[in-house]
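Inside the fold
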Amino acid sequence: MLKSTLSRRVEWGDCDPAGIVFNPQFFRWFDHGTTMLYEAAGWPKQEMLKRFDAAGCPLVDTRAVFKAPCRYGDDVEITTEIAEVKDRSFDIRHTLTLNGKLCVEGFETRVWTVKDPERGIKSAPIPAELVARFKGEG
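Residues numbered from 1 in each chain as written. Predicted model: local features only at pLDDT ≥ 70, side-chain atom pairs only at ≥ 80, totals over all residues. Heavy atoms only, no water.

Within the largest apolar cluster, 21 residues are counted, with the highest numbers of intra-cluster contacts made by Met48, Ile82, Phe90, Trp112, Ile126, Leu130 and Phe134. At the level of secondary structure, the elements contributing two or more residues to this core comprise α1 (24-40), α2 (45-51), β3 (75-85), β4 (89-98) and α3 (128-134). In terms of residue count, the dominant contributor to this core is α3 (3 residues). For Phe90, the residues in contact, after removing those within four places along its chain, are Tyr38, Cys57, Ile82, Glu84, Val85, Glu108, Thr109, Arg110, Ile126 and Phe134. Counting 14 residues, the second largest nonpolar core, distinct from the first, contains Val10, Val21, Phe26 and Phe30. (Core = buried A, V, L, I, M, F, W, Y, C linked by side-chain atoms within 4.5 Å. Buried < 20%, exposed > 50% of the residue type's maximum accessible area, 1.4 Å probe, protein only. Helix = DSSP H or I, 4+ residues; strand = E, 2+ residues; numbered from the N terminus. Contact = heavy atoms within 4.5 Å.)

Listed below in structure tokens is the structure:
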């Protein structure tokens with residue numbers, strides 16, 4: 001399956017008054033990781049949506065498991081990978097590590113959507129070419 005890894009230094013503004021990362025920051029980083037995953041598939045998000053005439057990939061489920069804190073100045077790695085591709089949705093797994101130790105594990109489900117004149121958007125089958133890239137076959 002397709003994956004992408006980013007390195008990031010925890011900055012002062014990422015932290016709460018106790019000096020540890022404020023938990024919503026992880027979700028912001030995970031969302032960025034997902035955007036980079038699309039690029040790893042071969043298309044920046046806007047190009048991917050245009051190429052396949054899609055409306056977007058809205059997030060319909062997300063959660064995280066926090067195992068160890070991250071602090072100001074830590075250099076962390078965030079690996080984002082396709083966990084499963086279904087007909088109209090795909091699951092993503094994020095792992096954030098510090099010196100090889102798992103600190104946070106995040107999960108999300110996104111739905112492939114196209115424009116719909118009545119509802120704005122609706123789910124649609126993920127194009128075969130994109131499925132192949134997500135599975136690391138293309």
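We are not done yet, so read on.
With respect to the helices and strands, Arg9 occurs in strand β1 (residues 3-9). Taking the C-alpha atoms as reference points, Arg9 and Asp61, separated by 52 residues in sequence, lie 27 Å from one another. The residues touching Arg9, leaving out its near neighbours within four places in the chain, are Asp14, Gly73, Asp74 and Asp75. A distance of 2.7 Å separates polar atoms of two side chains, one belonging to Arg9 and the other to Asp75. (Polar contact = N/O pair within 3.5 Å; in protein donor to acceptor, adjacent residues only side chain to side chain.)

With that settled, the discussion passes to the side chain of Thr95. With respect to the helices and strands, the residue Thr95 is situated in strand β4. For Thr95, the contacting residues outside a window of four places in its chain are Glu77, Ile78, Thr79, Leu102, Val104 and Glu105.

Another point: the pairing of strand β6 (residues 113-116). Here β6 pairs with strand β7 (residues 120-123) via 4 bridges, running antiparallel. Looking at the pairing, Val114 lines up with Lys122 of β7. Here β6 folds back onto β7 in antiparallel fashion, the turn holding 3 residues. (Pairing = 2+ DSSP bridges.)

Let us look at α1. Relative to the 24 Å expected for 17 residues at 1.5 Å per residue, α1 spans 25 Å between its end C-alpha atoms, a close match to the ideal helical length. For α1, every residue scored as buried is listed here: Gln25, Phe26, Trp29, Phe30, Gly33, Thr34, Leu37 and Tyr38. At the C-terminal side of α1, Gly42 shows a positive phi close to 115°. (Expected span 1.5 Å × (residues − 1).)

With that settled, consider the pattern of salt bridges. If you walk through the whole model with that rule in mind, you get 11 salt bridges. Note that Arg93 and Glu105 form a salt bridge whose closest N and O atoms lie 2.6 Å from each other. Of the two residues, Arg93 is situated in strand β4 and Glu105 in strand β5 (residues 101-111); the sequence distance between them amounts to 12 residues. Residue classification places Arg93 among the partly exposed residues on the basis of a relative accessible area of 28%. One salt bridge in this structure joins Arg110 and Glu108, with 2.5 Å as the shortest N-O distance. Each member of the pair, Arg110 together with Glu108, is buried. Salt bridges here are not isolated pairs; linked through shared partners, they connect Arg8, Asp14 and Arg28. (Salt bridge = Lys/Arg side-chain N within 4 Å of Asp/Glu carboxyl O.)

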